[in-house]
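# Reading the structure
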Amino acid sequence: YGPELIDISITNWCDKGCSFCYKASNQTGNHLSIEDYQTIMQQAEQMKVLQVALGGGNPNQHPDFCEILRLTREEYNIVPSYTTNGRGLSKDVLVATKKYCGAVAISAYEPYSDLFLAIQKLLDHGIRTNIHFLLTSKSVHTAIKWLENPPQGLKNINAIIFLNYKPVGRNPSPSLLLKNSSHYPTFFQLAKKKHVFKIGFDSCSISGIARFMDSSPIFIERCEAGRFSMYVSEDNKMYPCSF
């Protein structure tokens, strides 16, 4: 048996680069071919993989994206999900997402007005919607505000998943590490309270969770990289982790 989850970058192309993009995706990036994707899925099916998380770039702008979703679910019986910056959510993409995906995550970047428009598009189609919020020494102030008084646009989402900033990719800056803010203990204290949406974290946030959230040790594990998840890049190379 292999990992339960494969994280795949099906594209390193993005119509508008984000300053925090770990893949440094831009308009000169490349797409994973659908033939290579099928080869990966054939192996994933043999390994009893349960889920595929599609990323990039902005995966829903891959030219074969809708077919990739269909193949994953119908041909290989694996549940796909994907992360998007909110652009490129065409009618065809939304219909295919509703039919084949388990959930979609939208990356929360300023201007947040674009985020809320994308959330509403997904919710209007009955798609389970999560938010990926990158925690930095600067963005933690917004995270605290959202937990204290959630904006109206967040009240019907499924969850906010907080991702600890890693200084890799485009414009890495050690000064943005969450530990450089004196407000991160307040954030973790707020995060353990009950909210109108679920709260989740990536495994790189475990030090804050263990210190400030009174979590039972039974729920604390080592990093999942190479244990029950793995990563495949858009150039068809496998790594234990996308970071």
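Residues numbered from 1 in each chain as written. Predicted model: local features only at pLDDT ≥ 70, side-chain atom pairs only at ≥ 80, totals over all residues. Heavy atoms only, no water.

### Considerations on the overall build of the protein chain
When its secondary structure is counted, the protein chain shows seven helices and nine strands. For 243 residues, the compact-globule estimate of 2.2 N^0.38 gives 18 Å, and the C-alpha radius of gyration of the protein chain, at 18 Å, lies within 12% of that figure. Based on the C-alpha atoms only, the size of the protein chain along its principal axes is roughly 50 × 35 × 35 Å. Counting contacts in the protein chain only where the partners sit at least 6 residues apart, residues at least 24 apart contribute 68% of the total. Accessible surface for the protein chain amounts to roughly 12,600 Å². Of this, 50% is attributable to carbon and sulfur atoms. Between the centroid of the 25 positive side chains of the protein chain and the centroid of its 21 negative side chains there is a distance of 9 Å. (Helix = DSSP H or I, 4+ residues; strand = E, 2+ residues; numbered from the N terminus. Rg over C-alpha atoms; globule rule 2.2 N^0.38 Å. Contact = heavy atoms within 4.5 Å. Areas by Shrake-Rupley, 256 points an atom, 1.4 Å probe, with all protein chains shown as cover. Lys, Arg positive; Asp, Glu negative; His and termini not counted. Charge placed at Lys NZ, Arg CZ, Asp CG, Glu CD.)

### Describing the side chain of S229
The topology assignment puts S229 in strand β8 (residues 229-232). Overall, S229 belongs to the buried group, its relative accessible area being 11%. Aside from chain neighbours lying at most four places away, what touches S229 is P3, L5, E224 and P240. (Buried < 20%, exposed > 50% of the residue type's maximum accessible area, 1.4 Å probe, protein only.)

### Points about the nonpolar core
Among the nonpolar cores identified, the biggest contains 58 residues, and I8, L54 and F187 are the most heavily contacted of them. Beyond its immediate stretch of four places on either side in the chain, F187 contacts L135, V140, A143, I144, L147, F162 and F201. (Core = buried A, V, L, I, M, F, W, Y, C linked by side-chain atoms within 4.5 Å.)

### Comments concerning the sheet that holds strand β1 (residues 5-9)
Pairing in this open sheet of nine strands is mixed, and the strands run β7-β6-β5-β4-β3-β2-β1-β8-β9 from one edge to the other. Pairing within the sheet leaves two strands with one partner each, and these edge strands are β7 (198-201) and β9 (238-239). Pairing analysis gives three bridges linking strand β3 (residues 79-84) to strand β4 (residues 104-107), with the strands arranged parallel. If you follow T84 over to β4, its bridge partner there is I106. Most of the contacts of helix α4 (residues 112-124) go to β4, to which it runs at about 165 degrees, and overall it touches β4 and β5 (129-135). (Pairing = 2+ DSSP bridges. Axes fitted to C-alpha atoms, helices over the stretch in contact; angles between N-to-C directions.)

### Section: the environment of I144
Locating I144 in the fold gives a position in helix α5 (residues 140-148). Classification of I144 by relative accessible area gives buried; the value is 9%. Considering only alpha carbons, one finds I144 and L190, 46 residues apart in sequence, at a separation of 7.4 Å. Once residues within four sequence positions are removed from consideration, I144 is found in contact with H183, T186, F187 and L190.

### Let's talk about the pairing of β3
Note: strand β2 (residues 51-55) against β3, four bridges, orientation parallel. Looking across to β3, one finds that A53 is bridged to S81. Following the backbone out of β2, through helix α2 (residues 65-75) and into the adjacent parallel β3, one traces a crossover that is right-handed. What joins β3 to β4 is helix α3 (residues 91-100), and the crossover it makes is right-handed. (Right-handed = clockwise from strand over helix to strand, strands pointing away.)

### Looking at the packing of helix α1 (residues 34-46) against α2
Between α1 and α2, the shortest axis-to-axis distance is 11 Å and the interhelical angle comes to 20 degrees. Accordingly, the angle class assigned to the pair α1 and α2 is roughly parallel. By crossing handedness, the relation of α1 to α2 is classed as right-handed. For the pair formed by α1 and α2, the contact residues are I34, Y37, Q38, M41 and E45 on the first element and E67, I68, L71, T72 and E75 on the second. Grouping the constituent residues of the contact of α1 with α2 by class yields five nonpolar, two polar and three charged. (Parallel < 35°, antiparallel > 145°, perpendicular 65-115°, else oblique. Left-handed = near helix turned anticlockwise from the far one by under 90°. Nonpolar A, V, L, I, M, F, W, Y, C, P; charged D, E, K, R; others polar.)

### A few points about the packing of aromatic side chains
This structure, assessed with the given rule, holds 13 aromatic pairs. On the numbers, 6.1 Å between centres and 80 degrees between planes, the contact of F187 with F201 is edge-to-face. Taken as a pair, F187 in helix α6 (residues 184-191) and F201 in strand β7 lie far apart in primary sequence, 14 residues in all. Accessibility expressed as a relative area gives 0% for F187, which makes it buried. Here the aromatic residues Y112, F116, F133, W146, F162, Y184, F187, F188, F201 and F212 are joined through ring pairs into a cluster of three or more. (Phe/Tyr/Trp six-rings, centres within 6.5 Å; stacked < 30°, edge-to-face > 60°.)

### Things to note about unusual backbone geometry
Residue P111 follows E110 across a cis peptide bond; omega there is 0 degrees. If you trace the backbone, P111 turns up in the loop between β4 and α4. Its identity is not glycine, yet N236 carries a phi of approximately 70 degrees, on the positive side. Relative to the helices and strands, N236 is located in the loop between β8 and β9.

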